[in-house]
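Each chain, letter by letter, is given below.
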Amino acid sequence: MAKKTKKGGQGTPATVALEAAGVAFTVHAYDHDPAAGSYGGEAAAVLGIPAERVFKTLVADVDGALTVGVVPVSGQLDLKALAAAVGGKRAAMADPAAAERSSGYVLGGISPLGQRRALPTVLDESALGHPTVFVSAGRRGLEVELAPGDLVALTGARTAAIGR
């Protein structure tokens, strides 16, 4: 996979972090439909990619600490499994405003990469079964494709079965 540089104002903190790390990635842009019911589902459909390869980035509150869970858009985040993966007891979805403030991104465009504040991150282990995965590049209508190992390395993520 060839590294694709930003163009046409597509540079985001996520793509800047990828470029700085020197890893191979590809940016995929599409016209986001504000009426779409699922940001990740829309990305999979528009880009023609199996939903199991497109991952959504969700911010949860685990025992009072914000934590990132990255799971396939074809499923849901298992909050109990996320809590267990980081040694916590209870997890709930974070307040949307807190997620946006912490990450520096808007809902539907939160990337696990280039977040304003590094948070504990857990990637669903299913990602490791794909040569590349797609995650938000930092805004709606912009996905980045990269190797799951690079995603783990750049986010400091651990992998666990957190999707259902």
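Scroll up for the structure.
Would you explain the overall build of the protein in this entry?
Summing up its helical and strand segments, the protein has five helices and eight strands in all. Ordered by position in the sequence, the α and β elements of the protein form the string α-β-α-β-β-α-β-α-β-β-β-α-β. For 164 residues, the compact-globule estimate of 2.2 N^0.38 gives 15 Å, and the protein sits close to it at 14 Å. Dimensions of the protein, computed from the C-alpha atoms along their principal axes, are close to 45 × 35 × 30 Å. Looking at the protein as a whole, 45% of its 164 residues are labelled buried. Across the protein, every contact between residues at least 6 apart in sequence was considered, and the portion connecting residues at least 24 apart equals 59%. Here the protein displays about 7,600 Å² of accessible surface, and carbon together with sulfur accounts for 52% of that area. Distance between charge centres in the protein, computed from 16 positive and 15 negative side chains, equals 5 Å.

I'm lost on the sheet that holds strand β7 (residues 142-146) in this one. Help?
Within a sheet, neighbouring strands are paired by backbone hydrogen bonds and run either parallel or antiparallel to one another. Pairing is antiparallel across the open sheet formed by three strands, whose spatial order is β1-β7-β6. The strands lining the two open edges of the sheet, one partner per strand, are β1 (25-29) and β6 (133-139). The sheet shows a mean angle of 30 degrees between the axes of neighbouring strands, taken without regard to direction. Summarising the sheet, β6 and β7 pair through five bridges and their orientation is antiparallel. Considered in β7, the bridge of Val 135 is made with Val 144. Of the strands in this sheet, β1, β6 and β7 touch helix α1 (residues 13-21), which is tilted by about 160 degrees from β1.

How should the side chain of Ser 111 be read in this particular structure?
Tracing the chain through its elements places Ser 111 in the loop between α4 (96-103) and β5 (121-124). In terms of polar contacts, Ser 111 uses its side chain to reach the backbone carbonyl oxygen of Ser 136, at 2.7 Å. Dropping the residues within four chain positions of it, Ser 111 is found in contact with Ala 14, Thr 57, Tyr 105, Ser 136, Ala 137 and Gly 138.

What should I look at first to understand the pairing of strand β3 (residues 65-72) in this one?
The side chains of a regular strand alternate, residue by residue, between the two faces of the sheet. In terms of residue burial, β3 counts as a mostly covered element, since seven of its eight residues are buried. Both strand β2 (residues 55-62) and β3 contribute to a ladder of eight bridges, which runs antiparallel. Bridge pairing in β3 links Lys 56 to Val 71. Counting the residues that bridge the hairpin from β2 to β3 gives two residues, and of these Asp 63 lies at a positive phi of roughly 50 degrees.

Cut-offs used in this document
- Residue numbers run consecutively from 1 along every chain, following the written order of its sequence.
- The model is predicted, so local features are restricted to residues of pLDDT at least 70 and side-chain atom pairs to those at 80 or more, both for listing and for counting; the totals for chains, interfaces and linings are taken over all residues.
- To obtain the side-chain values, all non-hydrogen atoms of the structure were included, while hydrogens and water were left out.
- Where helices and strands are cited, they refer to DSSP runs of H or I of at least four residues and of E of at least two residues respectively, numbered from the N terminus.
- It is over C-alpha atoms that the radius of gyration is taken, and the globule rule equals 2.2 Å times the number of residues to the power 0.38.
- Only protein chains enter the calculation, and the probe is 1.4 Å; a residue is then buried if its accessible area is under 20% of its type maximum, exposed if over 50%, and partly exposed in between.
- Should any heavy atoms of two residues lie within 4.5 Å, those residues are counted as being in contact.
- Note on areas: these come from Shrake-Rupley sampling with a 1.4 Å probe, and a residue is covered only by the protein chains present in the view.
- We treat Lys and Arg as the positive residues and Asp and Glu as the negative residues; His and chain ends play no part in the count.
- Where a charge sits is defined by one atom per residue type, namely NZ (Lys), CZ (Arg), CG (Asp) or CD (Glu).
- A pair of strands is labelled paired if DSSP reports no fewer than 2 bridges between them.
- Working convention: axes come from line fits to C-alpha atoms, limited for helices to the stretch in contact. Angles between N-to-C directions cover 0 to 180 degrees.
- Whenever two N or O atoms come within 3.5 Å, that pair is a polar contact, provided that in protein one can donate a hydrogen and the other can accept it, and provided that, for residues adjacent in sequence, both atoms are side-chain atoms.

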